[in-house]
Amino acid sequence: MFRSVARSVAGKNLLRRGYATAVPERKVAVLGAAGGIGQPLALLMKLNPLVSQLALYDIANTPGVAADVSHINSRSEVAGYVGEEQLGKALEGCDVVIIPAGVPRKPGMTRDDLFNINAGIVKGLCSAIAKYCPNALVNMISNPVNSTVPIAAEVFKKAGTYDERKLFGVTTLDVVRAKTFYAGKAKVNVADVNVPVVGGHAGITILPLFSQATPKANLPEEDIKALTKRTQDGGTEVVEAKAGKGSATLSMAYAGAIFADACLKGLNGVPDVVECSFVQSTVTELPFFASKVRLGKNGVEEVLGLGPLSEYEKEGLESLKPELKSSIEKGIKFANQS
Ligand SMILES: NC(=O)C1=CN([C@@H]2O[C@H](COP(=O)(O)OP(=O)(O)OC[C@H]3O[C@@H](n4cnc5c(N)ncnc54)[C@H](O)[C@@H]3O)[C@@H](O)[C@H]2O)C=CC1
Ligand SMILES: O=C([O-])CC(=O)C(=O)O
């Protein structure tokens with residue numbers, strides 16, 4: 001009886017290490033797993049019961065991280081992979097690949113200042129994904145997300161493996177911040193709060209839609225403007241507080257774990273899994289845009305529209321388009337000329 005249920009779930013075996021519920025096997029890789037985000041994200045993915053195999057890849061230091069995390073008595077088997085020659089093994093059979101590989105900002109830098117280093121890193125990793133796990137859902141964390149996602153798309157197109165339903169820029173941290181800041185201002189329970197955040201993932205391209213926030217609080221316009229600015233500058237707030245020691249890592253690991261969990265639930269057929277993400281889109285005239293996305297067995301099931309916007313949000317939407325367009329074009333150009 002159990003076996004027949006098992007076979008019906010995407011042909012995957014269900015029982016490993018005594019895990020006794022009908023949850024399919026899922027392999028997740030974290031690329032950049034020894035870094036500031038990678039380590040806590042590895043921990044959180046190890047705690048996720050939907051993961052059966054966890055592959056931790058970096059150019060250095062993954063054996064230690066993998067040995068450490070592997071002692072936790074949760075479902076998944078953990079393996080560490082180090083150096084390019086082990087990347088293929090890390091990726092083979094992956095259902096979800098999470099990419100926090102690359103350099104973080106220092107005070108005074110924009111996310112776009114990371115382009116020169118991170119674009120090449122992302123390009124290399126995506127070429128390997130196209131080769132070793134072309135069907136995996138890719139969760140792009142590396143900045144500038146507004147450019148790294150288009151780079152990944154171009155790499156996959158060139159390799160003939162592009163499926164727009166399987167490529168995601170992770171913008172969950174913007175949602176996490178918007179929820180936290182809104183709850184503080186509106187004096188509502190943060191656990192009940194929902195706020196869509198659309199656009200992209202840098203400065204004014206981050207557009208929280210507080211007019212759609214629930215529970216409703218009817219905050220005055222000046223509070224909405226302050227909340228919007230704080231959400232847009234949330235990354236910079238952390239970069240400045242860390243004073244040269246990097247950018248958000250712990251809150252990003254939390255956000256990355258939420259988004260990867262949503263991807264896994266979608267793959268497993270859980271209905272109505274909706275998260276905001278920067279994806280290929282026709283919601284605006286821009287080819288990529290963050291909005292609410294319904295996740296399913298093939299990744300993006302439906303890109304949801306923006307819903308009704310306030311006048312302030314309409315202005316924000318128009319103001320962000322030129323910057324987002326140029327970041328997208330920069331990524332596409334890089335991928336096609338190098
Ligand atoms: N999407 C988002 O909301 C956020 C994105 N980020 C971005 O995430 C990235 C990583 O940030 P941190 O973890 O703080 O940096 P980090 O420097 O602490 O860690 C990065 C890791 O990537 C590894 N790495 C470098 N090249 C690699 C390659 N070719 N293959 C595999 N691994 C490689 C490094 O060895 C290092 O362990 C940055 O680009 C940062 O801007 C950070 C916070 C939020
Ligand atoms: O601000 C940064 O450089 C890192 C990031 O993307 C964020 O914290 O939102």
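Nothing here was measured: the structure is a model prediction, and the numbers come from that model.

1. A few points about the pattern of salt bridges
Then comes step 1: As enumerated under the stated definition, the model contains 14 salt bridges in all.
Then comes step 2: Among the salt bridges present, the one from Lys265 reaches Asp261, with a minimum N-O distance of 2.6 Å. With a gap of four residues between them, Lys265 and Asp261 both fall in helix H10 (residues 250-267), about one helical turn apart.
Then comes step 3: The residue Lys321 makes a salt bridge to Glu318 at a minimum N-O spacing of 3.0 Å. Taken together, the residues span about one helical turn, with Lys321 and Glu318 both in helix H11 (residues 311-337) at a distance of three residues.
Then comes step 4: When its relative accessible area of 46% is taken as the criterion, Glu318 is described as partly exposed.
Then comes step 5: A network of salt bridges, in which partner residues are shared, links Asp272, Arg294 and Glu302.

2. A closer look at the UniProt feature "domain: Lactate/malate dehydrogenase C-terminal" (unreviewed entry) in the chain
Then comes step 1: Annotation from UniProt places "domain: Lactate/malate dehydrogenase C-terminal" (unreviewed entry) at residues 171-334.
Then comes step 2: Secondary structure content for residues 171-334 is 48% helix and 17% strand, while the C-alpha to C-alpha distance between its ends is 22 Å.

3. A short note on the layout of surface pockets
Then comes step 1: Computed from the structure, the largest pocket encloses a volume of approximately 720 Å³.
Then comes step 2: Taken together, 39 residues form the lining of the largest pocket, with Pro100, Ala101, Gly102, Val103 and Ser142 sitting closest to its centre.
Then comes step 3: With five residues, helix H5 (residues 115-132) is the largest single contributor of residues to the lining of the largest pocket.
Then comes step 4: Taken together, the residues of the lining of the largest pocket break down into 20 nonpolar, 14 polar and five charged.
Then comes step 5: There is about 360 Å³ of room inside the second largest pocket.
Then comes step 6: Val175, Lys179, Asn194, Val195 and Glu275 are the residues nearest the centre of the second largest pocket, which is lined by 17 residues in total.

4. A look at the site of ligand 1
Then comes step 1: Of all residues adjacent to ligand 1, which total 28 residues, the nearest are Gly36, Ile37, Asp58, Val103 and Asn143.
Then comes step 2: The separation between an oxygen atom of ligand 1 and a polar main-chain atom of Gly36 is 2.8 Å.
Then comes step 3: The contact in question runs from an oxygen atom of ligand 1 to an N or O atom on the side chain of Asp58, over 2.6 Å.
Then comes step 4: For ligand 1, whose accessible area on its own is 870 Å², the fraction buried by protein is 85%.
Then comes step 5: Counting residues per element, the shell around ligand 1 draws most heavily on H5, at three residues.
Then comes step 6: Classifying every residue of the shell around ligand 1 gives 17 nonpolar, 10 polar and one charged.

About the cut-offs
- Residues numbered from 1 in each chain as written.
- Chains lettered and ligands numbered in written order.
- Predicted model: local features only at pLDDT ≥ 70, side-chain atom pairs only at ≥ 80, totals over all residues.
- Heavy atoms only, no water.
- Salt bridge = Lys/Arg side-chain N within 4 Å of Asp/Glu carboxyl O.
- Helix = DSSP H or I, 4+ residues; strand = E, 2+ residues; numbered from the N terminus.
- Buried < 20%, exposed > 50% of the residue type's maximum accessible area, 1.4 Å probe, protein only.
- UniProt positions renumbered as here; feature names shortened; annotations may be inferred.
- 1 Å grid on protein atoms, 1.4 Å probe; cavity = no way out; pocket = protein on both sides within 12 Å on 5 of 7 lines; lining within 4 Å.
- Points joined across faces, edges and corners; volume = space filled by probe spheres on them.
- Nonpolar A, V, L, I, M, F, W, Y, C, P; charged D, E, K, R; others polar.
- Near = heavy atom within 4 Å.
- Polar contact = N/O pair within 3.5 Å; in protein donor to acceptor, adjacent residues only side chain to side chain.
- Areas by Shrake-Rupley, 256 points an atom, 1.4 Å probe, with all protein chains shown as cover.

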